[in-house]
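Chain residues, written in single-letter form:
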Amino acid sequence: MEELKGIVEDIRYKSEESGFTVFDIDAGEVLVTCTGALSYISVGDNVRLRGRWRIHPVYGEQFDIEWCEIERPSTLDAIEKYLASGMIKGIGEVTAHRIVELFGEETLNILDNDPERLLEIEGIGETKLRMIIDSYESQKGMREIMIFLQGLGVTPGQAMRIFKTYGAETVNMVKSNPYDMTYRVYGIGFMTADRIAQNMGFTAESAERIEAGTYYCLQKAANNGDTYLPEEVLLEAAMKLLNTGEGRIKEAITSLAVNNNIAIDTIDGERVIYLKPFYTAENNVVKRLFELSSVEFKELNTLIDKDLDEIQRDMGITFAEEQKRAIRAALEKGILIITGGPGTGKTTTLKGIISMFRKNKIRTYLAAPTGRAAKRMSETTGMEAKTIHRLLEYNGIEFKKNEEEKLGCDAIIIDEASMIDIILMNNLLKAISPGTRLIIVGDVDQLPSVGAGNVLRDIIDSGMFNVVRLNQIFRQASMSNIIVNAHRINQGLYPLLDNSSNDFFFIREKNQSNILNIIKDLVINRLPEAYNLNPLDIQVLLPMKKGILGTYNLNAVLQELLNPYSPDKEEIKLKDRIFREGDKVMQIRNDYNKRWESCDESGMGVYNGDIGFIEKIDRDDSTLVVDFDGKKTVYEISDLEELTLAYAITVHKSQGSEFDTVVMAISYGVPMIMTRNLLYTAITRAKKRVVLVGDEQRMGMMIKNNRIEERYSGLKWRLKILQDYLI
């Protein structure tokens, strides 16, 4: 990092929302434009900055700030500029000049200690004085808070997030327990809070540190898909993280439980520890699934065969027996789960169920976990499908449809259920009244949800509910090697690699650099020329993020090829990433408060895995606009950590999406990642063609590695316990 000193001459732009500020400083012989999350900066401030130079394509050389130290204005000229800057309501240029002329170098002391003396200034009465005092105190308070935080080693961006959370109480909250940020401030994890606490003198053995570190271990487990950890596993992880003894961790567990932050339970004789929301969710899901499944609808039995015949005639098909069984069960049972791989007739079965419900005047809602999945469900069924969040009318704060205000329908069909985590399933079930039919559809052999839990597999494996497995591959699907090979891989068989089909190709190459070059050629030249494709519509899928064949490297390479630097395109740099107008990007965490607008509607929520394109970057407003399939969303600069480039994405992030053309690299990777169901999931993302590039031996190892991702989830156990009790 480089260092820069000077006096703030002008503030060009300031975002009240993100704190992003563009300002000029007089650095001696030159005026320098600086940028950073420094909304508390004022004209006249004497600043010492650390950061990096960069060249903006429109505005030229700028200094991106990563650290800032401020001294109050000290010269008469600087004080006057500060007062006249507009930061303090009620003081303009004329009034600022009068104040400094009367009070001179004592001006700021007067404002701090005896502001009533401003009544001596012409044009300032009681009303304006009150405005000036309130504005000055507010601005001064924020400024002192931000300087306090940066003195603890917090970056300007982190300081803004902390201030947004705690407001005027920031200093008191951070001083009393900096580890509270681990629980409450997004983007401030335990490691950051621990560093701040150490700067403040907290000891390594403080109770606050031990509790926060233990809680962090559970958070980390939840991010990896676990709803709980066995106590022994938690003890080992926390002892290693905190470098302390088992007794201290057990004390922390007790304290966290007493304060209702965690829950302690026993599963199969083993003591386990939950974060409280996951414990509550699991128990609620069990209760509500039981309530829904306890209702049967026998009164319609006599109509089913007649209706089935009419539906088959209308659709011009004959259902397979397992499809008929699913349609009957959907009508008769409170809960039905339908699972099956590609080409096994899930969509046809859904259409049959919808037709049956329509004939029997059963009001039906359709939903899926993501926007892309909901859109595809609408296209294939001809009925409106919503995201689950939209169905539940999420407003950025809460779900308006809940246990108090239920969904007004007779049946709900949920697609892509393998993507639903335990928290979302709980919120969905809370809004469904007993007596409503629930049909859950998904491919249980795909990767589990990104969020915690293994909901679809646990529900199926519990043996408590009606499950229809669609296994027959239909004639049209059997002509696709994508579908044939997906099923072969799922059964542990080697795929057909003769490249004789027009939709499944394998290019053999062991050298990673050569694999990279082949992928570049496929995306830029070979596939677009052969199939008249837009290269941006080709999706590269990868098992991992790091390495020469990881998403980090591939995105940088493909961005340079598909959307290179241009003076006509705005761009923003965030750490080691560049976001440029025209870039293909993905949302990487659920943001329920993000507002979107389309040509005919608006709503809340952008979700993990949503893919779009950067339509516009506005440097003046420090915002960018991303178009997600017609839904346009505005991002502040401080929100960019929610986005990543998406020319190449991990297979995990591709869940719930389909792409016409998929290219996947197969090379070295750790066994826990390079599994059969990862390869199966990747292949089933492709609708029209898939090209695998890599080491055939490594692919064979993936097919043999039938390691189902083991997660600590108590849902299946709780359902089985309930079933055993009922029997």
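Residues numbered from 1 in each chain as written. Predicted model: local features only at pLDDT ≥ 70, side-chain atom pairs only at ≥ 80, totals over all residues. Heavy atoms only, no water.

Observations regarding a negative patch on the surface
Line of reasoning, step 1. Where like charges cluster on the molecular surface, the negative patch consists of E232, E236, D268 and E270.
Line of reasoning, step 2. One can find E270 in strand β8 (residues 270-275).
Line of reasoning, step 3. Residue class for E270 comes out partly exposed when judged on its relative accessible area of 38%. (Patch = residues over 30% accessible without salt bridge, like charges linked within 9 Å, V, L, I, M, F, W, Y side chains within 5 Å. Areas by Shrake-Rupley, 256 points an atom, 1.4 Å probe, with all protein chains shown as cover. Salt bridge = Lys/Arg side-chain N within 4 Å of Asp/Glu carboxyl O. Lys, Arg positive; Asp, Glu negative; His and termini not counted. Charge placed at Lys NZ, Arg CZ, Asp CG, Glu CD. Helix = DSSP H or I, 4+ residues; strand = E, 2+ residues; numbered from the N terminus. Buried < 20%, exposed > 50% of the residue type's maximum accessible area, 1.4 Å probe, protein only.)

A closer look at the packing of helix α1 (residues 76-83) against helix α2 (residues 93-103)
Line of reasoning, step 1. Closest axis-to-axis distance for the α1/α2 pair is 8 Å, and the angle between their directions is 145°. The hand of the α1/α2 crossing is right-handed. Of α2, the residues touching α1 (which contributes L76, I79, E80 and L83) are A96, H97, I99 and V100.
Line of reasoning, step 2. Each residue belonging to the contact of α1 with α2 can be placed in one class, and the counts come to 6 nonpolar, 1 polar and 1 charged. (Axes fitted to C-alpha atoms, helices over the stretch in contact; angles between N-to-C directions. Left-handed = near helix turned anticlockwise from the far one by under 90°. Contact = heavy atoms within 4.5 Å. Nonpolar A, V, L, I, M, F, W, Y, C, P; charged D, E, K, R; others polar.)

Examining the environment of L111
Line of reasoning, step 1. One can find L111 in helix α3 (residues 107-113).
Line of reasoning, step 2. Spatially, the C-alpha atom of L111 lies 8.0 Å from that of Y136, the residues being 25 residues apart in sequence.
Line of reasoning, step 3. Dropping the residues within four chain positions of it, L111 is found in contact with L83, L118, I132, Y136 and E137.

Regarding the domain arrangement of the protein chain
Line of reasoning, step 1. Once the domains are mapped, the protein chain shows domain 1 (2-152), domain 2 (167-273), domain 3 (295-475) and domain 4 (493-568 + 577-704).
Line of reasoning, step 2. Each of domain 1 and domain 2 has a C-alpha centre, and the two are 39 Å apart.
Line of reasoning, step 3. Opposite the 4 residues of domain 1 that make contact, domain 2 presents 9 residues.
Line of reasoning, step 4. At the boundary of domain 1 with domain 2, total buried surface from both sides reaches about 550 Å², with 83% on carbon and sulfur atoms.
Line of reasoning, step 5. The tally of links between domain 1 and domain 2 comes to 0 salt bridges.
Line of reasoning, step 6. Here domain 1 is connected to domain 2 by 0 residue pairs in polar contact (both at pLDDT 80 or more).
Line of reasoning, step 7. Counted by class, the side of domain 1 that touches domain 2 contains 4 nonpolar, no polar and no charged residues. (Domains from an automatic or database assignment. Buried area = accessible area lost by both parts, 1.4 Å probe. Polar contact = N/O pair within 3.5 Å; in protein donor to acceptor, adjacent residues only side chain to side chain.)

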